[in-house]
Amino acid sequence: MPAMHKMQWRRLDEMLGGLRPPEGCGLEQLSRDSIEQVTTLLGKWYPDIRVGTESRHLEHAFYEQHVCLQGESPEQPVYAILGRDRATQEIIGLLTLEKNVRGLQLSAAMGAVEPSQRGLGLGQFGISLLEQVGRGIGAEVVLYYSTLKLARAQRNAELRGFKLVGLVPAFDVDAIAPNTVKRVYEAIYAKVLVGPEKVHLPDWNALIPTTRALYTHLFGQHPSAAESMHAVPLPTSTPVPVSAPEARHG
């Protein structure tokens, strides 16, 4: 089946399987009538969102053109999930997931939690949700981009079995202080959802020393490198000794 026919969004409960959110939190797919409230809340929870890639989440056009809204087209690339307090029904979080159907990839576009709800496990749950939805729709790799402003975001990824595979300098634009906006580093984490038989390792002989060193640091010794280290050296020809002239006695 062609890749573009895979990774179709489904009902949220189907994609979640048995995964359950933290106690007291309910989940739902974003609906059209919640867009206005969500954009307002994001600006309050997360002032830094006004610059950089994530700023699109403040624009109504983003949801209209790119987000799969409740009861609408599942072909849109982005899926938005609301977290609600079960007792009050107040919105306490938003997670957006973005699919690349040709590459069979799923990534977390943005996650935000209402400030008083931080530290209750929603961040770790969001990373588990990313993986679970990826498996549910047929993704073969899931990617998580982490800010380096908070150690918690990095720990959450590692606790959920994601592997740090790179630090990208000047990856995005962010507000680093009041009235100060600069390009910032971000970390990229990955989790492969298919078996090793479906993954092609790079040709060791095609890697230059710097990429060999990085590969080894991230993923351990390449099989070809191990083979070359344990290879039995070919025998070399032994030079034939030249006999000294025979001594003659008179």
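All values reported here derive from a predicted model rather than from experimental measurement. (Residues numbered from 1 in each chain as written. Predicted model: local features only at pLDDT ≥ 70, side-chain atom pairs only at ≥ 80, totals over all residues. Heavy atoms only, no water.)

## Describing the confidence of the model for the chain
1) Next: For the chain, mean pLDDT is 90; residues scoring 70 or higher make up 89% of the total.
2) Next: Per-residue pLDDT, averaged within each element of the chain, yields its smallest value for helix α7 (residues 223-230) (80) and its largest for strand β2 (residues 67-68) (98).
3) Next: For residues 244-250, every residue scores under 50 in pLDDT, and the model assigns this stretch zero contacts once sequence neighbours within four places are set aside. (pLDDT = per-residue confidence, 0-100. Helix = DSSP H or I, 4+ residues; strand = E, 2+ residues; numbered from the N terminus. Contact = heavy atoms within 4.5 Å.)

## Details of the side chain of Ser34
1) Next: Positionally, Ser34 belongs in the loop between β1 (25-29) and α2 (35-45).
2) Next: Filtering out sequence-adjacent residues up to four positions away, Ser34 remains in contact with Leu82 and Arg84.

## Here we look at unusual backbone geometry
1) Next: We note that Ala170 has phi near 55°; this positive angle belongs to a residue other than glycine.
2) Next: Inspection of the secondary structure puts Ala170 in strand β7 (residues 163-177).
3) Next: In this model, Asn179 sits at a positive phi of 65°, which is unusual for a non-glycine residue.
4) Next: Topologically, Asn179 is positioned in the loop between β7 and β8 (180-192).
5) Next: According to the relative accessible area criterion, Asn179 is exposed, its value standing at 83%. (Buried < 20%, exposed > 50% of the residue type's maximum accessible area, 1.4 Å probe, protein only.)

## Considering the environment of Met110
1) Next: As for its placement among the helices and strands, Met110 is situated in strand β5 (residues 105-113).
2) Next: Relative accessible area serves as the criterion here: at 2%, Met110 is assigned to the buried category.
3) Next: Linking Met110 and Leu94, residues 16 residues apart in sequence, is a C-alpha distance of 7.8 Å.
4) Next: In contact with Met110, not counting residues within four places along its chain, are Leu42, Tyr46, Ile49, Glu54, His57, Leu94, Leu95 and Thr96.

## Description of the pattern of salt bridges
1) Next: This structure, assessed with the given rule, holds twelve salt bridges.
2) Next: Here Glu28 ties to Arg84 by a salt bridge, and the two come within 2.9 Å at their closest N and O atoms. Of this pair, Glu28 sits in strand β1 while Arg84 sits in strand β3 (residues 78-85), and the two are 56 residues apart along the sequence.
3) Next: On the basis of relative accessible area, Glu28 is assigned to the partly exposed category, the value being 24%.
4) Next: Among the salt bridges present, the one from Lys198 reaches Glu140, with a minimum N-O distance of 2.9 Å. Separated by 58 residues along the polypeptide, Lys198 in the loop between β8 and α6 (209-219) and Glu140 in the loop between α4 (122-137) and β6 (141-147) bring together distant segments of the chain. (Salt bridge = Lys/Arg side-chain N within 4 Å of Asp/Glu carboxyl O.)

## Overview of the packing of α4 against helix α5 (residues 151-159)
1) Next: Interhelical geometry of α4 versus α5 gives an angle of 45° and a closest axis separation of 9 Å. Considering their axes alone, α4 and α5 lie oblique with respect to each other. Where α4 crosses over α5, the handedness of that crossing is right-handed. Residue-level contacts link Gly123, Gln124 and Ile127 of α4 to Asn156, Ala157 and Leu159 of α5.
2) Next: Partitioned by chemical class, the residues of the contact of α4 with α5 number three nonpolar, three polar and no charged. (Axes fitted to C-alpha atoms, helices over the stretch in contact; angles between N-to-C directions. Parallel < 35°, antiparallel > 145°, perpendicular 65-115°, else oblique. Left-handed = near helix turned anticlockwise from the far one by under 90°. Nonpolar A, V, L, I, M, F, W, Y, C, P; charged D, E, K, R; others polar.)

## Thoughts on α4
1) Next: In a regular helix each residue adds 1.5 Å, so 16 residues correspond to 22 Å; α4 covers 22 Å between its end C-alpha atoms and thus fits that length.
2) Next: Every buried residue of α4 is listed here: Leu122, Phe125, Gly126, Ile127, Ser128, Leu129, Leu130, Glu131, Val133, Gly134 and Ile137.
3) Next: Gly138 sits one or two positions beyond α4 and adopts a positive phi of about 90°. (Expected span 1.5 Å × (residues − 1).)

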